[in-house]
Amino acid sequence: MTDQDPNGASLVRGLAQLGYVQGSNLVLERRGAEGHIDHLPRLLEELVASKVDLIITSGYPAALAAKHGTTLPVVAIFAGDPVGTGLVETLAQPGGNLTGISDVSAQLTPKRMELLQELVPHLRRVAMLWNADDLGMTLRYRASEAGAKTMGVLVQPLGVREPEDFNLAFSAMEHEMSDAILMVTDSLTVLNRKRVFQFAAAHRLPAIYEFDWLVRDGGLISYAPDLDESFGRVAALADRIFKGAKPAALPFEQPTRFQLAINLTSAKAIGIEVPPVLLGRADEVFE
């Protein structure tokens, strides 16, 4: 996470609100695997060697590597269901050296399906893209699948493991076209997001994403936890650890604020007219 990307900027703002300022009383050592999970052990070794006091991870693979690769305290975000993946024992009592803020995909998926149905009243089938090599994202996909099925929406499962798999996923969609797309967000899908945007636009398919910055970047619609709130709480957990608290005693938190974002330019490109009622509920509208 850099200061320029949405996640890094939100983290820096959260820390600054608690009095931590880069160049004064805060040093951020950044490492990124860019989707290469096999690089994580080496990156973790570098962080430990630099004598950091705390590690903040983004995504399940990084959280798992930090949990097992060091005794340093860890604060995790975007790691999927922390109990389902075995990162923590319970949300209330994480145990070990890791805490953080959890996903709430099981609760969010029905809302995302409802939003797609407002855009596409005939919605019957949704293609879901996710990183099948990432347990955290696989559990998030399963929560999304279960939520869709309870609403009577069929799911076209399209697990990807590497960039080349996106072409196979697109071919599968062309062979049996769904009414919409849901993209589960991790480093692999983010690095290939433009290809998803382009496929959706070329086939005039509405697609929903998990974070508003993806909509700002060209996606159609998102419903997601508020990043500033989530990273503010990550910063608050870090602050407590800096002051002596142990991760094992800090409950894994859950987001409480959510944002709806819509890109009208993307809607126009695929010939969708966003209902005024939906626009009125949006927290952010991009044109």
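Our subject is the structure that appears above.
Everything numeric in this text was worked out from a predicted model, so none of it was measured.

About the thresholds
Residues numbered from 1 in each chain as written. Predicted model: local features only at pLDDT ≥ 70, side-chain atom pairs only at ≥ 80, totals over all residues. Heavy atoms only, no water. Core = buried A, V, L, I, M, F, W, Y, C linked by side-chain atoms within 4.5 Å. Buried < 20%, exposed > 50% of the residue type's maximum accessible area, 1.4 Å probe, protein only. Helix = DSSP H or I, 4+ residues; strand = E, 2+ residues; numbered from the N terminus. Contact = heavy atoms within 4.5 Å. Phe/Tyr/Trp six-rings, centres within 6.5 Å; stacked < 30°, edge-to-face > 60°. Axes fitted to C-alpha atoms, helices over the stretch in contact; angles between N-to-C directions. Parallel < 35°, antiparallel > 145°, perpendicular 65-115°, else oblique. Left-handed = near helix turned anticlockwise from the far one by under 90°. Nonpolar A, V, L, I, M, F, W, Y, C, P; charged D, E, K, R; others polar. Salt bridge = Lys/Arg side-chain N within 4 Å of Asp/Glu carboxyl O. Arc of directions from axis to C-beta. Right-handed = clockwise from strand over helix to strand, strands pointing away. Pairing = 2+ DSSP bridges.

Participant: Quick question: what am I supposed to make of the nonpolar core here?
Facilitator: Nonpolar side chains in soluble globular proteins tend to be buried together. One finds Leu129, Met173, Ile181, Val196 and Tyr209 to be the most contacted residues of the largest nonpolar core, which totals 40 residues. Considering every element that reaches this core, the biggest residue donor is helix α10 (residues 227-242), with seven residues. In contact with Leu129, other than residues within four places in its own chain, are Leu158, Val160, Ala169, Ile181, Leu182, Met183, Val184 and Val196. Of all hydrophobic cores here, the second largest spans 31 residues; its members include Leu115, Met137, Ala148 and Tyr223.

Participant: Even after reading the chapter, I still don't get the packing of aromatic side chains, so can you show me in this structure?
Facilitator: Under the definition given, this model contains eight aromatic pairs. For the ring pair Phe78 and Phe211, a centre distance of 5.0 Å and an interplane angle of 65 degrees mean the geometry is edge-to-face. Separated by 133 residues along the polypeptide, Phe78 in the loop between β2 (74-77) and β3 (98-100) and Phe211 in the loop between β7 (207-209) and α9 (212-216) bring together distant segments of the chain. Like Phe78, the residue Phe211 is buried in the burial classification. Ring centres 4.6 Å apart and planes at 10 degrees place the aromatic pair Phe170 and Phe199 in the stacked group.

Participant: Looking at this model, I keep getting lost on the packing of helix α6 (residues 165-175) against helix α8 (residues 193-202). Mind explaining?
Facilitator: The packing of two helices is summarised by the inter-axis angle and the distance between the axes. Two elements in contact, α6 and α8, have axes whose closest approach is 11 Å; the angle formed by their N-to-C orientations is 15 degrees. For the element pair α6 / α8, the angle class is roughly parallel. As for how α6 packs across α8, the hand of that crossing is right-handed. Mapping the contact onto sequence places Phe166, Asn167, Phe170, Met173 and Glu174 in α6 and Arg195, Val196 and Phe199 in α8. A breakdown of the residues in the contact of α6 with α8 according to their chemical character gives five nonpolar, one polar and two charged.

Participant: Please explain the pattern of salt bridges as it appears in this structure.
Facilitator: If charged atoms from side chains of opposite charge come close, those side chains can pair. Inspection of the entire model under this criterion finds 17 salt bridges. Of the charged contacts in the structure, one is a salt bridge between Arg31 and Glu29, with a shortest N-O distance of 3.3 Å. Between Lys149 and Glu145 there is a salt bridge; the shortest N-O distance is 3.6 Å. Here the residue Lys149 and the residue Glu145 both occupy positions in helix α5 (residues 135-150), the gap between them amounting to four residues, near one helical turn. Salt bridges linked by common partners bring Glu29, Arg31, Arg42 and Glu46 together as one network.

Participant: What's the story with unusual backbone geometry in this structure? I'm lost.
Facilitator: With the exception of glycine, most residues fall at negative phi, and the peptide bonds are largely trans. With a phi close to 60 degrees, Phe78 is a non-glycine residue in the positive phi region. Judged by its relative accessible area of 12%, Phe78 is buried. Even without glycine at this site, Arg204 takes up a positive phi of about 55 degrees. Along the chain, Arg204 turns up in the loop between α8 and β7. Judged by its relative accessible area of 52%, Arg204 is exposed.

Participant: What exactly am I supposed to notice about α8 here?
Facilitator: Side chains three or four residues apart in an α-helix point the same way, a direct result of the helix having 3.6 residues per turn. Along α8, the positions that sit buried rather than exposed are Val196, Phe197, Phe199 and Ala200. Projected down its long axis, α8 carries its buried residues within an arc of 165 degrees, all on one side. Facing away from the buried side of α8, by more than 90 degrees, are the exposed residues Gln198 and Ala202. Against β4 (125-131), α6, β6 (180-183), β7 and α9 lie the buried residues of α8. Arg204 sits one or two residues past α8 and shows a positive phi near 55 degrees.

Participant: How do you make sense of the environment of His36 when you look at a structure like this?
Facilitator: Mapped onto the secondary structure, His36 falls in the loop between α1 (6-17) and α2 (40-49). Between the C-alpha atom of His36 and that of Ala200, which follows or precedes it by 164 residues, the distance is 26 Å.

Participant: Teacher, can you tell me more about the pairing of β2 here?
Facilitator: Side-chain positions along a regular strand alternate between the two faces of the sheet. Residues Val74 and Ala76 of β2 are buried on one face, and the alternating residues Val75 and Ile77, pointing to the opposite face, are buried as well. In this fold, the crossover linking strand β1 (residues 55-58) to β2 by way of helix α3 (residues 60-69) has right-handed handedness. Pairing geometry for β2 and β3, over three bridges, is parallel. Following the sheet pairing, Val75 is matched in β3 by Thr99.

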